[in-house]
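Close look at the chain arrangement
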Amino acid sequence: MTSTRTALVIGGGIAGPVAAMALRKAGIDATVFEAYAQTADGVGGALSIAPNGQLALDVIDAGEIVRAVGVPMRGMVMQSWTGKVLGEFGSADSGPLADLPDMQLVWRGDLYAALYAEAARRGIRIEHGRRLVGLTETADGVTARFADGTTATADILIGADGIRSAVRGLIDPAAPSPRYAGLLGFGAQVAATGLPSTQDKMHMVFGKRAFFGYQVSDDGDGGWFVNLPHKEPMSRTEAMRVPNDEWLRRLAAQFTEDRVPAREMIGRTRPEDLVITGGLEDIPHVPVWHRGRVCLIGDAAHPTSPSSGQGASLAVESGVELARCLRDLPYDQAFAAYEGQRRARVERVIAMAARTNSDKAAGPVARVIRDLVMPVAMKMMKPEKMAWQFAYRIDWDAPVRPELVAAA
Ligand SMILES: Cc1cc2nc3c(=O)[nH]c(=O)nc-3n(C[C@H](O)[C@H](O)[C@H](O)COP(=O)(O)OP(=O)(O)OC[C@H]3O[C@@H](n4cnc5c(N)ncnc54)[C@H](O)[C@@H]3O)c2cc1C
């Protein structure tokens with residue numbers, strides 16, 4: 001039985017509000033502290049919530065929220081620059097992937113807004129303009145210090161403050177920094193693409209010079225993203241110094257030889273609709289996930305690049321799993337049990353996404369090899385091989401036993 005009663009959750013992104021709702025279900029009162037003064041409506045591009053992320057949200061009765069704001073993605077079609085289909089994955093009628101919810105494509109801002117509304121409906125406090133700058137631990141609690149000079153105290157503190165986590169640096173000053181994947185991210189929603197529906201399937205194209213993903217709904221509206229190989233790291237702020245219409249021109253120019261509708265979709269994008277996400281980054285291994293009364297979740301603990309399609313889903317899983325551990329064990333044992341349950345899984349996803357990034361950023365020689373090898377690799381990719389990722393379920397009702405701590 002837990003002795004934890006109160007929690008400070010630092011970061012009001014995706015992991016933070018979800019963790020607060022899961023903690024509430026575990027009988028722990030949590031308050032979320034977000035650095036930015038306003039909500040992040042309209043910030044960030046599209047991201048996918050995989051079946052496993054929705055199953056984790058279902059544990060806290062929040063899966064419908066995502067399905068209400070998402071566009072279902074019932075399959076993925078991998079293509080080469082010639083338009084040739086390299087492989088196709090879809091919803092399965094049988095086997096370990098059957099009966100899973102469809103993957104959902106959501107705009108990060110919409111997901112934020114929906115999660116915030118639900119957290120508020122459940123009476124969870126989310127305080128804005130509270131940037132954590134320090135923390136102090138005592139025998140019976142932990143105090144967070146914020147940039148505005150205020151403080152807050154609780155039994156534990158959860159760092160859900162993203163890939164550039166301040167909490168991570170405070171519990172481990174030697175923690176590694178994000179690693180640049182050699183790609184810049186862009187995306188946009190486009191009304192009236194003039195293109196045929198992709199029938200709820202996302203097309204992913206290894207273009208000659210850049211990677212292009214797109215989906216078109218039955219009503220003709222659509223969305224796209226580009227991963228542009230770029231040797232030098234470029235932050236989002238630096239990338240945003242280049243005018244949007246100039247980026248759109250540069251992006252369209254990457255696809256002149258490719259036989260896919262990249263130039264059409266980019267050409268129909270209004271400059272004001274372009275979303276610049278900046279350099280793709282990850283950290284393959286964050287050595288310290290918890291210290292004393294403090295523990296990390298989401299991108300603070302396991303930042304994967306968007307190529308995994310799992311960043312938000314893993315963040316949700318971690319928030320729910322940590323709450324389950326805290327429900328049953330004292331915080332120190334709970335943190336160790338949580339790490340024991342999560343680390344191998346999330347680092348496997350991060351490594352897989354890093355390999356995808358190398359394929360996307362391939363130079364001319366590596367590209368030829370990739371295009372030869374990929375159709376064979378795709379043929380061997382059976383749905384059951386993806387089950388470890390997509391069919392992962394958290395059994396909320398199963399008690400967390402102290403033996404797990406020994407295994408951690
Ligand atoms: C601006 C932005 C755009 C993104 N766009 C995409 C995308 O297009 N595609 C994709 O796949 N993934 C994207 N991501 C990443 C994706 O959202 C994450 O992988 C996933 O949501 C993990 O959630 P998280 O809650 O752990 O981290 P985040 O969603 O990054 O949330 C962390 C939160 O903590 C807050 N914070 C940071 N430092 C402090 C502090 N010191 N004190 C208090 N609060 C703090 C941040 O403001 C943020 O709200 C984006 C992330 C960001 C921040």
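Before any of the text, the structure's been laid out above.
Read on for an overview of the structure. (Residues numbered from 1 in each chain as written. Predicted model: local features only at pLDDT ≥ 70, side-chain atom pairs only at ≥ 80, totals over all residues. Heavy atoms only, no water.)

As for the pattern of salt bridges
To keep it simple, the criterion reads: Salt-bridge detection follows one rule: a side-chain nitrogen of Lys or Arg within 4 Å of a carboxyl oxygen of Asp or Glu. The numbering of helices and of strands both runs from the N terminus, where a helix is a DSSP run of H or I of at least 4 residues and a strand a run of E of at least 2. Relative accessibility thresholds used throughout: buried, under 20% of the residue-type maximum; exposed, over 50%; partly exposed, between the two (1.4 Å probe, protein chains only).
Summed over all chains, the structure comprises 23 salt bridges. Across the salt bridge formed by Glu 246 and Arg 249, the nearest N and O atoms sit 2.9 Å from each other. Taken together, the residues Glu 246 and Arg 249, both in helix α7 (residues 244-253) and 3 residues apart, mark about one turn of the helix. Where Asp 328 meets Arg 327, a salt bridge forms, and the shortest distance between an N and an O atom there is 2.7 Å. For Asp 328, a relative accessible area of 18% gives the class buried.

Topic: the nonpolar core
As a reminder, the rule being used: To form a nonpolar core, buried Ala, Val, Leu, Ile, Met, Phe, Trp, Tyr and Cys residues must be joined to one another through side-chain atoms within 4.5 Å.
Judged by nonpolar contacts, the single largest core of 74 residues is most densely connected at Leu 23, Ile 60, Leu 157, Val 320 and Leu 326. A total of 9 residues in this core trace back to one element, the largest contributor, which is helix α9 (residues 311-328). Among the nonpolar cores identified, the runner-up in size contains 27 residues, and Tyr 214, Met 234, Ala 252 and Leu 274 belong to it.

Comments concerning the site of the ligand
Applied cut-off: Proximity is defined per residue: if any heavy atom of the residue lies within 4 Å of a molecule or strand, that residue is considered near it. Within 3.5 Å is the distance limit for a polar contact, defined as a pair of N or O atoms, with the added protein rule that one can donate a hydrogen and the other accept it, and that residues adjacent in sequence qualify only through two side-chain atoms. Computed by Shrake-Rupley with a 1.4 Å probe, the accessible areas treat only the displayed protein chains as cover when residues are assessed. Residues are sorted three ways: Asp, Glu, Lys and Arg are charged, Ala, Val, Leu, Ile, Met, Phe, Trp, Tyr, Cys and Pro are nonpolar, and all the rest, Gly among them, are polar.
Residues in close proximity to the ligand total 31 residues, the closest being Ile 14, Ala 15, Glu 34, Arg 108 and Asp 299. Separating a nitrogen atom of the ligand from a backbone N or O atom of Ala 35 is a distance of 3.1 Å. With respect to the ligand, the backbone of Asp 299 contributes an N or O atom lying 2.8 Å from an oxygen atom. Look at the ligand: alone it shows 940 Å² of surface, and the protein chains cover 83% of it. Mapped onto the shell around the ligand, the elements with two or more residues apiece are β3 (46-49), α4 (108-121) and α9. No other element matches the 3 residues that α9 contributes to the shell around the ligand. Looking at the shell around the ligand residue by residue, the class counts come to 16 nonpolar, 9 polar and 6 charged.

Re the packing of aromatic side chains
The test is simple: We call Phe, Tyr and Trp rings a pair once their centres come within 6.5 Å, taking the six-membered ring for Trp, and we label the pair stacked below 30 degrees between planes, edge-to-face above 60, and tilted otherwise. We call a charge positioned above a ring when the Lys NZ or Arg CZ atom is no farther than 6 Å from the ring centre and deviates by at most 35 degrees from the ring normal.
Evaluation of the coordinates by the stated rule reveals 10 aromatic pairs. Members of the aromatic cluster, each reached through a chain of ring pairs, are Phe 212, Tyr 214, Trp 224 and Phe 255. The lysine or arginine in question, Arg 348, covers the ring of Trp 388, its NZ or CZ lying 3.8 Å from the ring centre. It is Lys 360 that lies over the ring of Phe 211; its NZ or CZ is 4.3 Å from the centre.

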